[in-house]
Amino acid sequence: MSDDDFRRGLEKRAEVMGQDFVDRAFAGDPEAFGQDFQRFLTEYAWGAAWGRGGLDNRERHMVTIAVLAALGREKELEGHLRATANTGVSERDLSDVLHQVAIYAGVPAALSAFNAAKRVLEK
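Parameters at a glance
- Residues numbered from 1 in each chain as written.
- Predicted model: local features only at pLDDT ≥ 70, side-chain atom pairs only at ≥ 80, totals over all residues.
- Heavy atoms only, no water.
- Helix = DSSP H or I, 4+ residues; strand = E, 2+ residues; numbered from the N terminus.
- Rg over C-alpha atoms; globule rule 2.2 N^0.38 Å.
- 1 Å grid on protein atoms, 1.4 Å probe; cavity = no way out; pocket = protein on both sides within 12 Å on 5 of 7 lines; lining within 4 Å.
- Points joined across faces, edges and corners; volume = space filled by probe spheres on them.
- Nonpolar A, V, L, I, M, F, W, Y, C, P; charged D, E, K, R; others polar.
- Domains from an automatic or database assignment.
- Expected span 1.5 Å × (residues − 1).
- Buried < 20%, exposed > 50% of the residue type's maximum accessible area, 1.4 Å probe, protein only.
- Contact = heavy atoms within 4.5 Å.
- Polar contact = N/O pair within 3.5 Å; in protein donor to acceptor, adjacent residues only side chain to side chain.
- Core = buried A, V, L, I, M, F, W, Y, C linked by side-chain atoms within 4.5 Å.
- Patch = residues over 30% accessible without salt bridge, like charges linked within 9 Å, V, L, I, M, F, W, Y side chains within 5 Å.
- Areas by Shrake-Rupley, 256 points an atom, 1.4 Å probe, with all protein chains shown as cover.
- Salt bridge = Lys/Arg side-chain N within 4 Å of Asp/Glu carboxyl O.

If you look the chain up in an unreviewed UniProt entry, it shows as 4-carboxymuconolactone decarboxylase from Deinococcus gobiensis.

This brings us to the overall build of the chain. Across its full length, the chain carries eight helices and zero strands. Shown N-terminal to C-terminal, the secondary structure of the chain runs as helices and strands in the order α-α-α-α-α-α-α-α. Here the C-alpha atoms of the chain give a radius of gyration of 15 Å, agreeing with the 14 Å that 2.2 N^0.38 yields for 123 residues. Seen through its principal axes, the chain has C-alpha atoms that stretch 40 × 30 × 25 Å.

Okay, the layout of surface pockets next. For the largest pocket, the calculated volume is near 500 Å³. In terms of lining residues, the largest pocket is bounded by 18 residues, among which Met-17, Phe-21, Glu-76, Gly-79 and His-80 are the most central. Only helix H1 (3–17), helix H2 (19–25), helix H3 (35–49), helix H4 (57–71) and helix H5 (74–82) provide two or more residues apiece to the lining of the largest pocket. Of all the elements, H5 adds the most residues to the lining of the largest pocket, at five residues. Residue classes in the lining of the largest pocket are distributed as ten nonpolar, three polar and five charged. Split by domain, the lining of the largest pocket shows at least three residues from each of two domains, domain 1 (3–48) and domain 2 (57–122).

Moving on, we get to H4. End to end, H4 covers 21 Å across 15 residues, agreeing with the expected 21 Å (1.5 Å per residue, within 8%). Looking at H4, one finds that the buried residues are Asn-57, Arg-60, His-61, Met-62, Thr-64, Ile-65, Leu-68 and Ala-69. On its buried side, H4 packs onto H1, H3, H5, helix H6 (84–87), helix H7 (91–105) and helix H8 (107–122). Between the side-chain oxygen at the start of H4 and the backbone nitrogen of Arg-58 there is a gap of 3.1 Å, and the oxygen is on Asp-56. Of the residues trailing H4, Gly-72 is marked for its positive phi of about 70°.

The subject of this paragraph is the nonpolar core. Within the largest apolar cluster, 17 residues are counted, with the highest numbers of intra-cluster contacts made by Ile-65, Ala-69, Leu-77, Leu-81 and Val-101. Elements with a minimum of two residues in this core: H4, H5, H7 and H8. Those residues within four positions of Ile-65 in sequence are excluded, and the remaining contacts are Leu-77, His-80, Leu-81, Thr-84, Leu-94 and Val-97.

Taken together, the side chains of Leu-55, Val-63, Val-67 and Leu-71 present a nonpolar region at the surface, about 340 Å² in accessible area. Inspection of the secondary structure puts Leu-55 in the loop between H3 and H4. With relative accessibility at 40%, the residue Leu-55 sits in the partly exposed group.

Side-chain pairs of opposite charge can arise where the charged atoms are in close proximity. Under the definition given, this model contains nine salt bridges. Salt-bridge contacts for Arg-7 lead to Asp-4; the nearest nitrogen and oxygen are separated by 2.5 Å. Note that Arg-7 and Asp-4 are positioned in helix H1 at a spacing of three residues, about one turn of the helix. Residue class for Arg-7 comes out partly exposed when judged on its relative accessible area of 45%. One salt bridge in this structure joins Glu-74 and Arg-119, with 2.8 Å as the shortest N-O distance. With Glu-74 in helix H5 and Arg-119 in helix H8, the pair connects residues that are 45 residues apart, well separated along the chain. Judged by relative accessible area, Glu-74 falls into the partly exposed class, the value being 28%. On the accessibility criterion, Arg-119 (37% relative accessible area) is partly exposed. Each of Asp-3, Arg-39 and Glu-43 takes part in a single network of salt bridges with overlapping partners.

This is the structure we're talking about:
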């Protein structure tokens with residue numbers, strides 16, 4: 001990947017997750033363990049996937065939330081639930097997405113995601 005992919009990824013990641021999130025991800029020694037993984041995530045997930053167009057941030061975020069909920073990735077899910085304010089995903093959107101998760105990935109996965117959403121929305 002190129003520096004352009006990394007720059008596009010930094011912009012998209014900050015747009016969706018917030019600049020504070022990105023600053024925390026890259027805080028500290030750039031040679032520290034895991035920093036190369038942050039660059040990899042930024043280039044590929046945020047620059048190449050989120051930055052490819054087609055879906056807008058709201059649509060892509062709903063897909064991301066559905067996948068994380070279906071896989072039971074609660075920690076990542078909670079981060080993305082907090083970021084819904086940045087992408088225009090409403091509480092109704094979340095409810096609709098999680099109902100889809102219940103049908104296609106199972107009620108336990110959706111229930112867990114609903115509980116995570118309640119925790120995040122209450123804060």
